[in-house]
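Commentary on secondary and tertiary structure
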Amino acid sequence: MTEALIVIDVQKDFCPGGALAVTDGDAVVGPINAMMGDFETVVLTQDWHPADHSSFAGNHPGAQPFGTVDMPYGPQVLWPAHCVIGTDGAAFHPDLHVDRADLVIRKGFRSGIDSYSAFFENDHETPTGLAGYLRERGISKLAFVGLAHDFCVAWSAMDAARLGFHARVIENACRAIDLDGSLAAARDAMRKAGVALD
Ligand SMILES: [Zn+2]
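Each value, and the rule that gives it
- Residues numbered from 1 in each chain as written.
- Predicted model: local features only at pLDDT ≥ 70, side-chain atom pairs only at ≥ 80, totals over all residues.
- Heavy atoms only, no water.
- Helix = DSSP H or I, 4+ residues; strand = E, 2+ residues; numbered from the N terminus.
- Rg over C-alpha atoms; globule rule 2.2 N^0.38 Å.
- Buried < 20%, exposed > 50% of the residue type's maximum accessible area, 1.4 Å probe, protein only.
- Contact = heavy atoms within 4.5 Å.
- Areas by Shrake-Rupley, 256 points an atom, 1.4 Å probe, with all protein chains shown as cover.
- Lys, Arg positive; Asp, Glu negative; His and termini not counted.
- Charge placed at Lys NZ, Arg CZ, Asp CG, Glu CD.
- Phe/Tyr/Trp six-rings, centres within 6.5 Å; stacked < 30°, edge-to-face > 60°.
- Lys NZ or Arg CZ within 6 Å of the ring centre and 35° of its normal.
- Donors = N, O, S within 2.8 Å, 3.2 Å for Na, K, Ca; no water.
- Salt bridge = Lys/Arg side-chain N within 4 Å of Asp/Glu carboxyl O.
- Polar contact = N/O pair within 3.5 Å; in protein donor to acceptor, adjacent residues only side chain to side chain.

This part covers the overall build of the protein. Along the protein, the regular secondary structure elements total 4 helices and 8 strands. Secondary structure of the protein in N-to-C order comes out as β-α-β-β-β-β-α-β-α-β-α-β. Taking 16 Å as the expected radius of gyration for a compact globule of 198 residues, we find that the protein reaches 16 Å, a close match to that expectation. Counting the 198 residues in the protein, one finds 52% classified as buried. Put simply, 72% of the contacts in the protein that link residues at least 6 apart link residues at least 24 apart. By element, 51% of the accessible surface of the protein is carried by carbon and sulfur atoms, the whole surface being about 8,400 Å². Taking the 14 positively charged and 26 negatively charged side chains of the protein as two groups, their mean positions are separated by 6 Å.

We now examine the packing of aromatic side chains. Per the counting criterion, the structure on display carries 7 aromatic pairs. Judged by centre distance (6.3 Å) and plane angle (70°), the rings of W79 and Y116 are edge-to-face. In this pair, W79 sits in the loop between β4 (74-77) and β5 (103-107) while Y116 sits in the loop between β5 and α2 (130-136), placing the two residues 37 residues apart along the sequence. No difference in accessibility class separates W79 from Y116, as the two residues are buried. One aromatic cluster is present, built from ring pairs that chain together F66, W79, Y116, F151 and W155. In this arrangement the basic side chain of R106 is found over the ring face of W48, its NZ or CZ atom lying 3.7 Å from the centre.

So, about the coordination of the zinc ion. Distances from the zinc ion to its protein donors, namely D47 (OD), H49 (NE2) and H82 (NE2), fall within the range 2.0 to 2.1 Å. On the primary sequence, the residues serving as donors to the zinc ion are separated as D-x1-H-x32-H. With H49 in the loop between β2 (41-47) and β3 (68-71) and H82 in the loop between β4 and β5, this residue pair connects regions lying 33 residues apart in the sequence. The same class applies to H49 and to H82, which are both buried.

Attention shifts here to the pattern of salt bridges. Tallying each qualifying case throughout the model produces 11 salt bridges. When the shortest N-O distance is used, the salt bridge between K107 and D9 registers 2.8 Å. Of this pair, K107 sits in strand β5 while D9 sits in the loop between β1 (3-8) and α1 (29-36), placing them 98 residues apart in sequence. A residue is classified by how much of its surface remains accessible, and D9, at 0% relative accessible area, is buried. With a closest N to O distance of 2.8 Å, D198 and R168 form a salt bridge. With D198 in the segment after β8 (196-197) and R168 in strand β7 (residues 166-175), this pair connects stretches of sequence that are 30 residues apart. Linked by salt bridges that have partners in common, E3, R168 and D198 make up one network.

Turning to the environment of H53, a few remarks are in order. Along the chain, the position of H53 falls in the loop between β2 and β3. With relative accessibility at 0%, the residue H53 sits in the buried group. With near-sequence residues (within four places) excluded, H53 lies in contact with N59, G108, R110, S111, I113 and D114. Within polar-contact distance, the side chain of H53 engages the side chain of S55 at 2.9 Å.

For α1, the set of buried residues is V29, I32, N33, M35 and M36. Those residues of α1 that are buried are in contact with β1, β2, β6 (141-147) and β7.

This is how it looks when you write it as structure tokens:
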């Protein structure tokens, strides 16, 4: 059975110098490029928000980045504006081998709801279509890498496991935001969800 490599959000805004930089985020690019040859299928995700996106602290009067608000679908961390549609910060890291991708899936493009996971928006109900794509291609094993380990990588891998895919995270090709212990919590949650941490 072939395994697909799912590369989460390796975009300029999540790398040093970007609007929501993950420490050492660009360090994942080399290892990801190197492992692409080991996979028959490569999928890239791209965080892709309208400027009025509800996950941006600036769109909530008085709110600060990294605070939390209650949204109709549950609590939502507020972020600095990032990965705005069409901006340079939303582009993939220039060294990432994007030509290897069979599919680029964009997420978070509805202003009223965020989408950490590559499979569902943050209501855990609205699908992105990725599961159907993979199933139609007969792919049941997935390896996750990218940014950020404790948010979009973790949520994607846990959704994959819940959907019945064999899911693993290759941790040396991930970097975390680690907000208030979020990396340890995410690793614990991933293990409980049946995600293998390699
Ligand atoms: Zn985002």
